[in-house]
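Coordinates in review
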Amino acid sequence: MVAELSAELIAQVQQAAQLLRSAKRICILTGAGISAESGIPTFRDKQTGLWEKFRAEDLASPVAFARDPKLVWSWYQWRRQLVHDKAPNPAHRALAQWQSASASVQQHITLITQNVDDLHEQAGSEAVHLHGHLWKNRCSQCDSVYEDDPNAKDKPLDFDEQLIACPQCGDYIRPDIVWFGESLPVAAWQTAEEAAADCDIFMSIGTSSLVYPAAGLAQLAKQNGAQIIEINPNPTPSTVVDLTLAAKAGAVMPVLIDKVINKSDK
Ligand code: OAD
């Protein structure tokens, strides 16, 4: 794997590993880019097929759901179908390996994700989800959790035929996703803010850092003295970043985490 990285990148990975080895508290924020190598398109990629004339912002909103709930459900069913057979890639697995080794290397890692897929969990990580879960549903009015068929992941298209009414209040069931214009889940956001404000290193992996409030976590970490590492093949213009690894997460994370856990500088 190291052979595939340029000499310049290997030197930057070593620099990042050194910083990470001396850190006690690490806060990691992932975005759609970490799942790109698993075959899930990012939000800034152009949408394809049926949905190419829609922007995510025009479908992922309470206004869009009120106007045309079937259209919004169809989009989420399409996304569920797109995601349901996808598997974690080396970046997810490296993070999971680091989390499970963290106690033995005396580090505290908080993994926060903007992703609504469950690839971190499939890899064995515990992640705080800021933007909800693609596989969960709740009522659009009273917020009751709607337990779909436990095998919903294997049958992701059931909602297409008709909209489902909430057994508690009768309003429509919706995907348990945080839409544009909505607040983030309180407990998840509190965990994220505390971890960002109290970390030595903040890592931003595969996010365009355009969507707030998640994008503000790096600034919060920086204001509190953390160093910021970004992993993104298209580095963002963020001014708070101290070290950029301009590469795909799946290529760079296994090498980086090996150096952190095994203290190897090869
Ligand atoms: P974006 O689609 O905005 O950005 C994905 C980022 O990943 C881009 O900066 C890419 O350059 C980068 N990227 C692509 N491939 C990569 C790879 N292999 N390794 C590392 N990075 C890679 O996705 P997010 O930043 O996650 O919100 O978007 C934030 C939020 O906006 C999403 O959670 C979603 C969206 O609209 C909601 O749905 C509420």
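Bear in mind the structure is a predicted one, so any value in this text is a computation, not a measurement. (Residues numbered from 1 in each chain as written. Predicted model: local features only at pLDDT ≥ 70, side-chain atom pairs only at ≥ 80, totals over all residues. Heavy atoms only, no water.)

1. Some points on the sheet that holds strand β3 (residues 128-129)
Strands in a sheet are paired, the pairing made by backbone hydrogen bonds, and the direction either parallel or antiparallel. One open sheet accounts for six strands, arranged β3-β2-β1-β7-β8-β9; its pairing is parallel. Looking along the sheet, the strands with just one partner apiece sit at the ends: β3 and β9 (243-245). Relative to strand β2 (residues 108-113), strand β1 (residues 25-30) runs parallel, the two sharing six bridges. Bridged to Cys27 within β2 is Thr110. Contacting β1, β7 (201-205), β8 (227-231) and β9, helix α1 (residues 7-21) runs over the sheet at an angle of about 130° to β9. (Pairing = 2+ DSSP bridges. Helix = DSSP H or I, 4+ residues; strand = E, 2+ residues; numbered from the N terminus. Contact = heavy atoms within 4.5 Å. Axes fitted to C-alpha atoms, helices over the stretch in contact; angles between N-to-C directions.)

2. Digging into the packing of helix α8 (residues 186-197) against helix α9 (residues 216-223)
Packing of α8 against α9 brings their axes to within 7 Å, and their N-to-C directions diverge by 35°. The segment α8 lies against α9, with Trp189, Ala192, Glu193, Ala196 and Ala197 engaging Leu217, Leu220 and Ala221. For the contact of α8 with α9, the per-class residue count stands at seven nonpolar, no polar and one charged. (Nonpolar A, V, L, I, M, F, W, Y, C, P; charged D, E, K, R; others polar.)

3. A closer look at the domain arrangement of the protein chain
Domain annotation for the protein chain reports domain 1 (2-39 + 87-131 + 183-262) and domain 2 (49-85 + 136-177). Relative to domain 2, the C-alpha centre of domain 1 lies at a distance of 29 Å. If you look at the interface, domain 1 gives six residues, while domain 2 gives six residues. Where domain 1 touches domain 2, the interface holds zero salt bridges. Tallied by class, the residues present in the side of domain 1 that touches domain 2 amount to two nonpolar, two polar and two charged. (Domains from an automatic or database assignment. Salt bridge = Lys/Arg side-chain N within 4 Å of Asp/Glu carboxyl O.)

4. Brief notes about the pairing of β8
Among the five residues in β8, four count as buried, and that is most of the element. Where β7 lies against β8, five bridges are found, and the strand directions are parallel. By the bridge assignment, Ile205 is partnered in β8 with Ile231. In this region the chain leaves β7, passes through α9 and returns to the parallel neighbour β8; the handedness of that crossover is right-handed. Pairing analysis gives three bridges linking β8 to β9, with the strands arranged parallel. (Buried < 20%, exposed > 50% of the residue type's maximum accessible area, 1.4 Å probe, protein only. Right-handed = clockwise from strand over helix to strand, strands pointing away.)

5. Digging into the side chain of Arg80
By the element assignment, Arg80 lies in helix α5 (residues 69-83). A relative accessible area of 2% means that Arg80 is categorised as buried. Side-chain polar atoms of Arg80 contact the side chain of Asn137, separated by 2.7 Å. (Polar contact = N/O pair within 3.5 Å; in protein donor to acceptor, adjacent residues only side chain to side chain.)

6. Section: the nonpolar core
Within soluble globular proteins, side chains that are nonpolar generally end up buried alongside one another. Trp98, Met203, Met253 and Leu256 are the most contacted members of the largest nonpolar core, which totals 35 residues. Contributions of two or more residues to this core are made by α1, β1, α6 (90-101), β2, β7, β8, β9 and α10 (249-261). If you tally residues by element for this core, the top one is α10, at nine residues. If sequence neighbours within four positions are ignored, Trp98 has contacts with Leu20, Ile26, Ile28, Gln107, Ile109, Met203, Ile257, Val260 and Ile261. With 23 residues, the next largest nonpolar core counts Val72, Tyr76, Tyr146 and Ile173 among its residues. (Core = buried A, V, L, I, M, F, W, Y, C linked by side-chain atoms within 4.5 Å.)

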